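Working through the structure, step by step
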Amino acid sequence: MYQWRKFEFFEEKAPGKYAVPSEIEGKVQCCTSGRGKIAIGCNNGTVGLLDRNFKLSYAFQAHATSVLFLQQLKQRNFLVTIGEDERGPPQESSICLKIFDLDKMEPEGSSSTSPICVQILRIFTNQFPEAKITSFLVLEETSPILLISIGLENGSVYCIRGDIARERITRFRLMVEDASDKAPCPITALGFRVEGNLPQLFSVTPFSVSLFDIQGQPPKRQTLDHIGCELNSVAMNDRQDLIIGRPEAVYFYDTDGRGPCWAFEGEKKFLGWFRSYLLCIISDQKTKKNTFNVYDLKNRLIAHTMVVGDVSHMISEWGNIVLIMTDRKISCVGEKDMESKLDMLFKKNLYTVAVNLIQSQQADPAATAEVLRKYGDHLYSKQEFDEAMAQYIQTVGFLEPSYVIQKFLDAQRIHNLTNYLENLHEKELASKDHTTLLLNCYTKLKDVEKLNKFIKSEDRAGENKFDVETAIRVCRAAGYHEHAMYVSKKAGKHELFLKILIEDLGRFDAGLEYISSLKPAQGAITIKEYGKILVERKPDETIELLVRLCSRNSILDFVNIFVHSPLSLMIFLEKSYPDVKEEKSKIEVNNILLELYFSNNLELNQDERKRKGINLLKREWTSDMDQAMYDVDLAVILCEMNGVRDGLLFLYEKLKLYKEVVACFVQERDREGLIDCCKRLGDASQGGDPSLWVESLKYFAEVDDDDCSKEIKEVLKFIEKDDILPPIVVLQMLARNQRLTLSVVKDYIARKLEQESKLIEDDRQSIAEFQEETEAMKKEIQDLRSNARIFQISKCANCGFTLDLPAVHFMCMHSFHLHCLGDNEQECPRCAPDYRSVLETRKNLEQNAADFETFSQKVKNSKDGFSVVADYFGKGILSKASQIPSEPSGSLVDSRFFS
């Protein structure tokens, strides 16, 4: 006891200022507190309510004679009193229990200000005979149920349970002492303990401590101790332990019996519990003085001590301890704020006490961390580094880690720094920099065991408590490749795992095996990252792996891997092409293959590659395909750049660029091939281009260094057969070659002259026939203009019946009944359609005459342009158009016959 430190953590507020208000005239016999007020019961039956300044709010007459006990309820603003009223009939006791509703006052006009009394209950009955009440306690169960316990001088406890306000109650009695005891002992104190919803009752006499199980029927009693205490030396703490003060010590009791005790000497006149402090008023028999002590049992210190007078009541309210003296003076003691208490301890360098104090007070964690920091700084200044680090570790989560890390960066303190960083990671508060620093500590210490434990540790969710990428980077830089690989593999960082395996360790086979073990989607991602180096080092194995992956991925996604290995790319595309499904992808793959096949930069297997390329051109653009499965323009360019003649000829032919095909043969001076090409592509009946023979003739006509007579004769045979060129044009073209003789074209000229003579004769006969027809037409026109027409037609040209009047005759020699014509009297129904057709044809011809592009195209495409011009003249298109007659042929004659 005497080794305990003393501190003034409490202070008396306004000493000597407070007292029981003079308006309260009676002697204070009991008091209670709660819900922001203090209630005082007096021997004159009044109850006074005091505010926090100890001023009287109001007083009322609760009982007629005296107020013995009070208790303020917590759940409802009810005040329960026990007092003595006027005695009624002889068989009735004057002791009553009353319940006042402090929220409801008597109506205005009443004799006094008083709260409404909701129930009055006689405590003693014939079944429960009257005895002196020594203690009183109310337990609030589920509202509105109350459990009232009344300790009596005869050693028994009366209990009343139920809704007291409605008098729905049950009564029972508890016997504290055995019936065999000769002299019953008074009940000096009661205390309720509730575990779950099961209430238990402590009962104290001068010679025993008992515990009753209230739920049992009958209630079961358990004797905890055979030593008790006198009045006012009992309290209950926050853990619902019973505290008993005896002259030699203070004892704690729970349901198992006596617990810890504290040796505080002196008579314990009052015991109390305030927050986590034990309150004790001790009387010193030598000095006859009363001392009020506040004990911090957890930290083993006396938080406050003061000499007081004769105390009659000790309660707490408004966060203060209130002592009411027998002389009606009031002492109000309040706890100082935490900052003031800590400053007091810091000035004395009592950091351990400060830490224990703030932890026991359940202060804000940030405030606790600040105290621990100051304690750590104090220890650090004394070079007690291990002890300082123990304090700093407790600040993790509140103190900025860099504050601690800076202090221990010295290499001699690396063990302390490692310990702190480990705690940061354990609480998942470490950053990437912290992870880097911790791993560097492990590697500098070469502590493989801790390194293993750190990187293989998991939290409850199975995830690492550190930044994975940082751990991998540090382990890799320090040469701990296996550790880096372990972390990356477990975290699913496949790219980082392969980076270590391939780039650092050069284990290419293992890298390929690892990629193969991944899911196809993930394997595709990783192979893109490291495929280049794998293709260079393990081409065959890498290609096989890629082919397997291509079954679920696009081939084009892996092309970049082969940027430095074109031949491997060719093999890969050839093997994986069957798995390509999309048309667009097929085209792209074929384009790449064509570049590889036709490239002159790849010396290996050049002839074989070009053969494959030509086969691809033909295979991917067959006669039954609308379009090629590759970029045709690109293919043409590749063939031209790399001199792939066969491929170029195939493409030109497929594109119907027949003249380009001819140009290829001309360029190569391949006469036989040129003529075969013209035979195959120059037949107009097969959709060919006859003008190819013209190009061939031009070529042979210009060859002056060799004899081309044979080829020219063969070309002329086809030109003559299809009448491709006029003879004069042929002669003009051949005249350019000085080496040719007349014998080459003699037979051709003879045949053409014979054909021309026959055509001239046929034309002369046609002209004579047209002249005769023209003269006949002129005579008919003249006859119509100068002579009358006699109509002797007897039947209608429409209905076929006998023609009667009125009738209509047309100059075309058709006659009709008037009613057969209907509304169309102006033209002959028989001849009008033919005449309209002629007009429409003429109109179209005139429109065609205005379309110069059509005319030019016909002239250009015709074998004989002159015949086209002649045809236009013959139809009158190129001459000035004659005026169209206003009346159609077969118009109505002037002579109508009407009835």
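Here we summarise the structure given alongside this text. (Residues numbered from 1 in each chain as written. Predicted model: local features only at pLDDT ≥ 70, side-chain atom pairs only at ≥ 80, totals over all residues. Heavy atoms only, no water.)

Notes on the nonpolar core
Within the largest apolar cluster, 132 residues are counted, with the highest numbers of intra-cluster contacts made by Phe-292, Ile-321, Phe-572, Tyr-630 and Leu-651. Broken down by element, the residue count for this core peaks at seven residues, all from helix α16 (residues 583-598). Excluding anything up to four places from it in sequence, Ile-321 contacts Phe-10, Phe-274, Leu-279, Phe-292, Val-294, Met-314, Ile-315, Ser-316, Ser-331, Cys-332 and Val-333. Ile-95, Ile-133, Phe-136 and Tyr-158 belong to the second-largest nonpolar core, a separate cluster that totals 23 residues. (Core = buried A, V, L, I, M, F, W, Y, C linked by side-chain atoms within 4.5 Å. Buried < 20%, exposed > 50% of the residue type's maximum accessible area, 1.4 Å probe, protein only. Helix = DSSP H or I, 4+ residues; strand = E, 2+ residues; numbered from the N terminus. Contact = heavy atoms within 4.5 Å.)

Digging into helix α4 (residues 385-393)
In an α-helix there are 3.6 residues to a turn, and that puts residues three or four apart on one side. Residues of α4 that are buried: Phe-385, Ala-388, Met-389, Gln-391, Tyr-392 and Ile-393. Looking at the buried residues of α4, the elements they touch are α3 (365-381), α5 (401-407) and α6 (414-426).

What about the sheet that holds strand β24 (residues 267-274)?
Strands sit in the order β1-β27-β26-β25-β24 across an open sheet of five strands; the sheet is mixed. Whereas interior strands pair on both sides, the edge strands pair on one side only; in this sheet they are β1 (5-6) and β24. Sheet topology note: the strand β25 (residues 277-284)/strand β26 (residues 289-296) ladder contains seven bridges and is antiparallel. From the neighbouring strand, Ile-282 faces β26, where its bridge partner is Thr-291. (Pairing = 2+ DSSP bridges.)

A look at the packing of helix α9 (residues 468-477) against helix α11 (residues 494-504)
Across the interface, α9 lies against α11 with an axial gap of 11 Å and an inter-helix angle of 15°. Classed by the angle they form, the pair α9 and α11 counts as roughly parallel. Regarding α9 and α11, the two cross each other, and that crossing is right-handed. When α9 is examined against α11, the residues Glu-469, Ile-472 and Arg-476 are found in contact with a partner set consisting of Leu-496, Lys-499, Ile-500, Glu-503 and Asp-504. (Axes fitted to C-alpha atoms, helices over the stretch in contact; angles between N-to-C directions. Parallel < 35°, antiparallel > 145°, perpendicular 65-115°, else oblique. Left-handed = near helix turned anticlockwise from the far one by under 90°.)

Some remarks on the sheet that holds strand β17 (residues 198-205)
Strands sit in the order β16-β17-β18-β19 across an open sheet of four strands; the sheet is antiparallel. Looking at which strands have only one partner, the edges of the open sheet turn out to be β16 (189-195) and β19 (220-225). The mean inter-strand angle of the sheet, taken between neighbouring strand axes irrespective of direction, is 25°. The pairing of β17 with strand β18 (residues 208-213) spans six bridges and is classified as antiparallel. Directly across from Gln-200, in β18, lies its bridge partner Asp-213.

Some details on the packing of aromatic side chains
Enumeration over the complete set of coordinates arrives at 26 aromatic pairs. An aromatic cluster is built from Tyr-380, Phe-385, Tyr-392, Tyr-403 and Phe-408, whose rings are joined through pairwise contacts. A cation over an aromatic ring shows up here: Arg-246 above the ring of Tyr-251, its NZ or CZ 4.6 Å from the ring centre. (Phe/Tyr/Trp six-rings, centres within 6.5 Å; stacked < 30°, edge-to-face > 60°. Lys NZ or Arg CZ within 6 Å of the ring centre and 35° of its normal.)

Here we look at the pattern of salt bridges
As enumerated under the stated definition, the model contains 26 salt bridges in all. Salt-bridge contacts for Arg-275 lead to Glu-335; the nearest nitrogen and oxygen are separated by 2.7 Å. With Arg-275 in the loop between β24 and β25 and Glu-335 in strand β30 (residues 329-335), this residue pair connects regions lying 60 residues apart in the sequence. When its relative accessible area of 44% is taken as the criterion, Arg-275 is described as partly exposed. Taking relative accessible area as the criterion, Glu-335 reaches 17% and is therefore assigned buried. Linking Glu-620 and Arg-619 is a salt bridge whose minimum nitrogen-to-oxygen distance equals 3.4 Å. Relative accessible area serves as the criterion here: at 47%, Arg-619 is assigned to the partly exposed category. Each member of the salt-bridge network shares a partner with another, and the members are Arg-476, Lys-499, Glu-503 and Asp-504. (Salt bridge = Lys/Arg side-chain N within 4 Å of Asp/Glu carboxyl O.)

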